[in-house]
Amino acid sequence: MNEKTDQDKEEQEASMIKLFKVKEKQRELAENSNGKPPVKKQSAGELRLHRDISELNLPKTCSISFPNGKDDLMNFEVTIRPDEGYYNGGIFVFTFQISPIYPHEAPKVKCKTKVYHPNIDLEGNVCLNILREDWKPVLNINTIIYGLYHLFTEPNHEDPLNPDAAGVLRDNPKLFESNVRRAMAGGYVGQTFFTRCI
């Protein structure tokens, strides 16, 4: 009889411990969620990006937006409106895709606006050294945006993605300026049509 009572006690204790653990887990979930689903843990890349965005110091000609809402910081758009140079008055939108291992991998940046530019091809690929071989984890989103802005104030014919535009810039800057204006106003440059971006 004593043996059975001891066994019953052990089973009852084990059952109480299980119940306690279940209740503890439920309480923990309730505290963490406040009635909402549990929050997904942020990756190191998301944490770093959050810091970069909170520390942005953009020129008045640049702005950032999150088309997918505040829950998707890893994909955003930057709009650049140059106020000097060949591209003065234009509106150029870039998409940024940030890797979960950011800053150890550079963001993927594309120009959504079709632009006549020696350093941006017609598919929107951008030739900016800090997005490729010169990327270092100490660089940040602010640095990239300033780099993109610089492409519009100082286009570089020596490192082209659009060799035709680079050749015109190098050999005939007045014709280059005319081509940029025609493209931004919405029209053809050679065989390529550009939609209005001013």
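Residues numbered from 1 in each chain as written. Predicted model: local features only at pLDDT ≥ 70, side-chain atom pairs only at ≥ 80, totals over all residues. Heavy atoms only, no water.

Looking up the protein chain in an unreviewed UniProt entry gives the name UBC core domain-containing protein, with the organism given as Escallonia herrerae. Under the Sequence similarities (unreviewed entry) heading, UniProt states for the protein chain: "Belongs to the ubiquitin-conjugating enzyme family." Quoted verbatim from the Pathway (unreviewed entry) field of the UniProt record, the comment on the protein chain reads "Protein modification; protein neddylation." (UniProt positions renumbered as here; feature names shortened; annotations may be inferred.)

A.B. asks: Would you mind showing me how to read the pairing of strand S3 (residues 92–97) here?
C.D. replies: Strand residues, when the strand is regular, have side chains that alternate between the two faces of the sheet. In terms of strand pairing, strand S2 (residues 75–80) meets S3 through 6 bridges, oriented antiparallel. In the strand pairing of S3, Phe-76 is matched with Phe-96. Here 4 bridges tie S3 to strand S4 (residues 108–111), and the two strands are oriented antiparallel to one another. Bridge pairing in S4 links Phe-94 to Cys-111. (Pairing = 2+ DSSP bridges. Helix = DSSP H or I, 4+ residues; strand = E, 2+ residues; numbered from the N terminus.)

A.B. asks: I tried to follow the UniProt feature "active site" (unreviewed entry) in the protein chain on my own but got confused; where do I start?
C.D. replies: Annotation from UniProt places "active site" (unreviewed entry) at Cys-127. Here Cys-127 lies in the loop between S4 and helix H3 (141–153). Here Cys-127 falls in the buried class, since its relative accessible area comes to 6%. Among residues more than four places away in sequence, those in contact with Cys-127 are Asn-119, Arg-132, Leu-151, Asp-159 and Leu-161. (Buried < 20%, exposed > 50% of the residue type's maximum accessible area, 1.4 Å probe, protein only. Contact = heavy atoms within 4.5 Å.)

A.B. asks: When you look at helix H5 (residues 173–185) in this model, what are you seeing that I'm missing?
C.D. replies: Side chains three or four residues apart in an α-helix point the same way, a direct result of the helix having 3.6 residues per turn. An ideal rise of 1.5 Å per residue puts 18 Å on 13 residues; H5 measures up with 18 Å between its terminal C-alpha atoms. Along H5, the residues that are buried comprise Phe-176, Asn-179, Val-180, Ala-183 and Met-184. Each buried residue of H5 sits inside an arc of 130° when the element is viewed along its axis, so together they form one side. Structurally, H5 contributes buried residues whose contacts are with S3, helix H4 (163–171), strand S5 (187–189) and strand S6 (192–194). Of the residues flanking the end of H5, it is Gly-186, one or two places downstream, whose phi is positive at about 95°. (Expected span 1.5 Å × (residues − 1). Arc of directions from axis to C-beta.)

A.B. asks: I tried to follow the sheet that holds S4 on my own but got confused; where do I start?
C.D. replies: In sheet architecture, strand pairing relies on hydrogen bonds along the backbone and comes in two forms, parallel and antiparallel. Read from one edge to the other, the open sheet built from 4 strands follows the order S1-S2-S3-S4, with strand pairing classed as antiparallel. Across the chains shown, the open sheet's two edge strands, defined by having one partner strand only, are strand S1 (62–65) and S4. Adjacent strand axes in the sheet meet at a mean angle of 25° when their direction is disregarded. Here 4 bridges tie S1 to S2, and the two strands are oriented antiparallel to one another. Its bridge partner lying in S2, Ser-65 is registered against Glu-77. (Axes fitted to C-alpha atoms, helices over the stretch in contact; angles between N-to-C directions.)

A.B. asks: Got a minute to help me understand the pattern of salt bridges in this structure?
C.D. replies: It is possible for side chains of opposite charge to pair when their charged atoms get near one another. Counting across every chain of the model gives 8 salt bridges. Across the pair Lys-108 and Glu-105 runs a salt bridge, and its minimum N-O distance is 3.7 Å. The salt bridge involving Arg-170 is made with Asp-171; its shortest N-O contact spans 3.0 Å. In this structure Arg-170 comes out as partly exposed when scored by relative accessible area, which is 48%. Among the ionic contacts, a cluster of salt bridges with common partners joins Arg-132, Glu-133 and Asp-159. (Salt bridge = Lys/Arg side-chain N within 4 Å of Asp/Glu carboxyl O.)

A.B. asks: How should the packing of H4 against H5 be read in this particular structure?
C.D. replies: The geometry of a pair of packed helices is captured by two quantities: the angle between their axes and the separation between those axes. The contact between H4 and H5 brings their axes to 5 Å, and the two run at 135°. With respect to H5, the element H4 is oriented oblique. Contact residues: Ala-165, Val-168, Leu-169 and Asp-171 in H4; Pro-173, Leu-175, Phe-176 and Asn-179 in H5. Of the residues contributing to the contact of H4 with H5, the split by class is 6 nonpolar, 1 polar and 1 charged. (Parallel < 35°, antiparallel > 145°, perpendicular 65-115°, else oblique. Nonpolar A, V, L, I, M, F, W, Y, C, P; charged D, E, K, R; others polar.)

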